[in-house]
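A closer look at the structure
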Amino acid sequence: MSIKQLRSLLAFQESGSFSAAADKLFITKAAVGQQMKLLEESIQTPLFDRNGYRPSLNADGLTFAKEAHKVIENYDRLFSRLDAGDNFSGTISLGSVPSAILALVPLSVKSMMKDVTNTKVRIIPGMSTDLYDHVLNGYIDLVILSKPQRIEQSLQWETLVEEPLVLLTSNSFKGQDPISILQSQPYIRLAQRTSVGLLADYWLTKNKIMVKESMVMDSMETLGSMVAHGLGVSVAPDLCKSDPVFSNLRKIPLPNNPKPRVLGMLMRKDNPKTKVVMQLKQHIKNTVKA
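Residues numbered from 1 in each chain as written. Predicted model: local features only at pLDDT ≥ 70, side-chain atom pairs only at ≥ 80, totals over all residues. Heavy atoms only, no water.

All right, on to the environment of Leu249 then. For Leu249, the location among the structural elements is in the loop between helix H11 (244-247) and strand E11 (250-253). For the pair Leu249 and Val116, spaced 133 residues apart in the sequence, the C-alpha separation amounts to 35 Å. Once residues lying within four places of it in the same chain are set aside, the contact partners of Leu249 are Leu168, Thr169, Ser170, Gly224, Val227 and Ala228. (Helix = DSSP H or I, 4+ residues; strand = E, 2+ residues; numbered from the N terminus. Contact = heavy atoms within 4.5 Å.)

And the structure:
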């Protein structure tokens, strides 16, 4: 029996299926199933009712999960005491929206690795809404995301930077007026399921600008590449740290005070790895300021 197996069991209990538990833990459905099989073998007791449409915890499983929750709490409390020292050894997880993974995340982690020798950082990309749920449930230690509309009391938010919305064009494009450019050029839209996409669409709607949509992208990385190759223009944040492709794009200021993208960090207040997570946060803040 291992802590990993107990966490998988609790993830199943919270989510209701092996697939959903796998998504929470960032492993495969097969891996969750194998862990549960090994757990049942180690305690020599069936924990699941597998006769229905989908597996569910039986009476023994529910009782065992209740005790497993106490074990995890005690384990994390012990971890917290160990973290109080200066010799943390282990893995911390950092979730991030794709736009921050272009440069902010690697620069920050590279900076931190110069100061610590026995800490590993696991990078987990995702959309802001998904990252919020993962840090809230304790599956990720720290996330970089767009500011949520609502923040639970158990979470700690810290703003990193406000990134203004701008018009992106290729470096070779010569137009100057953002409104006429948007009305005449092919428009590459960020998907509305992204917080940045919603922000850009809100500005376009508010200013009654009709665009000629040609593509829909799921991330800033792919959007930047399409714009750089002259396939269209787009409205997006001017990233505080960007890769060479995005850095080489033209950024034309937009009129009428568009709302900026507020980028920040979120973690649980009771995170057992608080000290080392705070170290990572400081490196991220230093990278933004550099």
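Turning next to the sheet that holds E11. Read from one edge of the open sheet, three strands run E10-E7-E11, paired in antiparallel fashion. Lying at the two open borders of the sheet, with one neighbouring strand each, are strand E10 (234-237) and E11. Strand-to-strand twist across the sheet, computed as the mean angle between neighbouring axes with direction ignored, equals 45°. Pairing geometry for strand E7 (residues 165-169) and E11, over four bridges, is antiparallel. Within the sheet, the bridge partner assigned to Leu168 lies in E11 and is Lys251. Most of the contacts of helix H9 (residues 195-206) go to E10, to which it runs at about 125°, and overall it touches E7 and E10. Taken strand by strand, helix H10 (residues 220-228) contacts E7 and E10, and its axis lies near 135° from that of E10. (Pairing = 2+ DSSP bridges. Axes fitted to C-alpha atoms, helices over the stretch in contact; angles between N-to-C directions.)

This part takes up helix H2 (residues 18-25). Taken residue by residue, H2 has Phe18, Ala21, Ala22, Lys24 and Leu25 as its buried positions. Viewed along the axis of H2, the buried residues span an arc of 160°, placing them on a single side of the element. Along its buried surface, H2 packs onto helix H1 (3-15), helix H3 (29-43), strand E1 (48-49), strand E4 (119-125) and helix H7 (128-136). (Buried < 20%, exposed > 50% of the residue type's maximum accessible area, 1.4 Å probe, protein only. Arc of directions from axis to C-beta.)

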